[in-house]
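Structural description and commentary
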Amino acid sequence: MTSIRTPHGGRAQRASVRLAVVALGATLTVGGFAAAPAMADTPSSPSTATGIILGVGASESQRIVSWYASADTAQVVQLAPTTQVVGDVYPTDAVTFAATGTANVAAGTGYNRHATITGLAQNTAYSYRVGTDGAWSPTYTFSTQSFEGNFDFLFFGDPQIGSSGDVTKDQAGWQDTLDVALSTTPNSELLVSGGDQVDSASNETQWSAFLAPDKLRHYPWAATIGNHDVGGRAYQQHMFTPNTDYSGALYANGNPSSNTSGGDYWYIYKDVLFIDLNSNSYSTAQGGGGDAAHIAYVTQVIQDHGAAAKYTVLVYHHAIYSPADHAKDSDNKVRRVDFPTTFSALGVDLVLQGHDHSYSRSYLIKNGEKADTTEQPGASEVFAGPGGVLYVTSNSASGSKYYDITSPDASGTSGAGNGADPLNPGSYWYNSVQNQEHVRTYSKIEVRDDTLVVETIRSSTCAAPNAAVERGKVLWCGPDNGSSPALPVGSVVDSVTLHPDHGTGQDLQVSVPEGTPGEFGWTIDGHNSLVNLGTAVEHGIDYFQALGELNPIAVSDTRRSRAPWSVSASIGDFTDGSKTFSGSFLGWSPKVVQAGGGATAAGAVGSGYDWGQGLSTSQVLGSASQGHDRGTGKLGADLDLKVPDSVDAGTYRATLTITALSS
């Protein structure tokens, strides 16, 4: 007999072998768990889905899909590996994830829905659609990559669709930046937001334009609330986020039930702990918890989850270190005093910010001051040291609005001050690099074993689509205040390699590759010969008895999972032509013929002649528990057949079905 094996984590298969016997025959079959059928499609519905966006999940193996629905019906996300989807036909075992949501409020109509996809496998292309049977959305795809090791993600500042006064032009610039970024780095795994998706929080025309690019259905968007998003409920309706704390302290007005958006959230992606804050809530004056609530949240999340990550990245909208119009805002000065000391103490590595529609990269900041006074402007490599944190502020990703760089003043070179950099007097003391060319940009962050590389890249020139330039919202375009020609798309504005701090000890790292999955299966040990019980011996005038031994079964399990397994059997009726008697009269005493693979014999099952059902119902031959030794064991059984003396003489056969099960 050929052995049947399954890959790690798989299910056993079935095979059948005929055993010839005198008075007993047997057919051995390997079996396993059947795959659970897909959830039945919900009844046909007229509901249509719009605004579909793929969001980040709590981990690499999750994604969240959000959308608007025209009707208040039960809806799902349907998912299958792309290789199993042909056109709009999904396999029968496609999985579904139930959606939840509520009626839209304020300016919105219809309903919002979201569903969390779980259990994704690494290095797999998936297809998905949303809705119900008879009312499905188009099919979209996304791919997972390895769940361990290096990866790249992209950071986008302030699309703020509508802020130029021309939604169509803003959408075109936003679309083009996504196309440029993802054509250059197609294996990017996350799209991280700096906030201000739209200009008017409840304007669904602007939201539709922001959500129009198809890339937002293929790559997960990690949303951030900006000051232009917070004033309505649409942000929360369009973008459900993982591990979100919606408590009142994390809303600017302290009221989660109001027509506003809020909350802080976190997720871990491939050993990076991301924490996203609603920086609109910075003061307690309107009822929220202010910066103190965010500090408490960040502290708790890092205490609970920081040990599981090798880097910590914070994301929020209001830049506390930036070069343009908002650098001197009173609220940002408050945050600049409240945040940095805590971030340094907690070991934060990188902070990503938006709001100021210009680019800057800070010096390493420790406790609200420049960590190393000798760090040079524009250094291509920086070494964090204890408490050193790098802050990056993004420019516009859509070209809808740019702010010009402003000048330092005499307010000081630490804390809330906006004084000049002693090494570069035209810049603020905290900025290593400042840039404004009135061209669209984005940042690529490379996560490596012992570095974070932040590279900011031009996604446009002065040519269209660049709405603020096209509409005359700015007076010049290009480097050096427009005195030099625009540099090409794809050229680098700034690049820095951040070496994180490892304290006074020596951190060690080793990568353990994916091991050989191993296999699980069984064979008949040796030749699958006749199981011959011979001629039954009469006992008095009551019954005939025949004894014998099952051909040993070799069970091999080399899987790394060391998952439990069991081997069971049942038998049908014994027949000889038209003559028959019940298989319940067969019993056995299982035994381990050769130790290995954690094999343990099950208890004896007596002949049903004495009592019970014998082997006519499935009975366990042997098993192994979770965590058992890997290897091969051999199981056997002493067979005991008692046949009532009323059975007609003959040579009878039966089929013994053996089933091997494992998770």
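Look a little higher up for the structure.
In short, a report on the structure.

What counts, and at which threshold
Residues numbered from 1 in each chain as written. Predicted model: local features only at pLDDT ≥ 70, side-chain atom pairs only at ≥ 80, totals over all residues. Heavy atoms only, no water. Helix = DSSP H or I, 4+ residues; strand = E, 2+ residues; numbered from the N terminus. Rg over C-alpha atoms; globule rule 2.2 N^0.38 Å. Buried < 20%, exposed > 50% of the residue type's maximum accessible area, 1.4 Å probe, protein only. Contact = heavy atoms within 4.5 Å. Areas by Shrake-Rupley, 256 points an atom, 1.4 Å probe, with all protein chains shown as cover. Lys, Arg positive; Asp, Glu negative; His and termini not counted. Charge placed at Lys NZ, Arg CZ, Asp CG, Glu CD. Salt bridge = Lys/Arg side-chain N within 4 Å of Asp/Glu carboxyl O. Pairing = 2+ DSSP bridges. Disulfide = S-S within 2.5 Å. Core = buried A, V, L, I, M, F, W, Y, C linked by side-chain atoms within 4.5 Å. Arc of directions from axis to C-beta.

Looking only at helices and strands, the protein chain features seven helices and 41 strands. Taking 26 Å as the expected radius of gyration for a compact globule of 663 residues, we find that the protein chain reaches 34 Å, considerably beyond that expectation. For the protein chain, the C-alpha atoms occupy an extent of roughly 115 × 60 × 45 Å along the three principal directions. Sorting the 663 residues of the protein chain into buried and exposed places 54% on the buried side. Put simply, 74% of the contacts in the protein chain that link residues at least 6 apart link residues at least 24 apart. Total accessible area on the protein chain stands at roughly 25,600 Å², and carbon and sulfur atoms take up 51% of it. Taking the average place of the 36 positive charges on the side chains of the protein chain and the average place of its 63 negative ones, the gap between the two points comes to 4 Å.

Turning next to the pattern of salt bridges. Applying the stated criterion to the full structure yields 20 salt bridges. A salt bridge links Asp152 to Arg448; the nearest nitrogen and oxygen atoms lie 3.0 Å apart. Separated by 296 residues along the polypeptide, Asp152 in strand 12 (residues 151-156) and Arg448 in the loop between strand 27 (441-447) and strand 28 (452-458) bring together distant segments of the chain. Given a relative accessible area of 24%, Arg448 falls into the partly exposed group.

Tracing the backbone through its elements, the reader meets Val643 in strand 40 (residues 631-644). Accessibility expressed as a relative area gives 8% for Val643, which makes it buried. In this structure, the C-alpha to C-alpha distance between Val643 and Leu586, residues 57 residues apart in sequence, is 8.5 Å.

Further remarks concern the sheet that holds strand 41 (residues 656-662). Two modes of strand pairing occur in sheets, parallel and antiparallel, and in both the strands are linked by backbone hydrogen bonds. Strand order in the open sheet made by the four strands is 38-39-34-41, with antiparallel pairing throughout. Among the strands making up the open sheet, the edge pair consists of strand 38 (600-601) and strand 41.

Right, let's get into the state of the cysteines. Going through the model one piece at a time under the given rule, you end up with one disulfide. Across the disulfide from Cys462 sits Cys477; the S-S distance is 2.0 Å. The disulfide joining Cys462 to Cys477 has a torsion of about -100° about its S-S bond and is therefore left-handed. One end of the pair, Cys462, is in the loop between strand 28 and helix 7 (467-470); the other, Cys477, is in the loop between helix 7 and strand 29 (492-499), with 15 residues separating them in the sequence. On the basis of relative accessible area, Cys462 is assigned to the partly exposed category, the value being 23%. With relative accessibility at 14%, the residue Cys477 sits in the buried group.

Within the largest apolar cluster, 34 residues are counted, with the highest numbers of intra-cluster contacts made by Trp588 and Leu641. Within the residue set of this core, elements represented by two or more residues are strand 30 (520-524), strand 33 (553-557), strand 34 (565-571), strand 37 (586-594), strand 39 (619-624), strand 40 and strand 41. With five residues, strand 40 is the largest single contributor of residues to this core. Phe153, Val313, Val315 and Val454 belong to the second largest nonpolar core, which has 32 residues in total.

What helix 5 (residues 330-338) keeps buried is the set Asp331, Asn332, Arg335 and Arg336. End-on, the buried residues of helix 5 take up no more than an arc of 145°, which puts them together on one face. Along helix 5, exposed side chains directed more than 90 degrees from the buried face belong to Ser330 and Val337. Residues of helix 5 that are buried sit in contact with helix 4 (290-305), strand 17 (311-318) and helix 6 (340-345).

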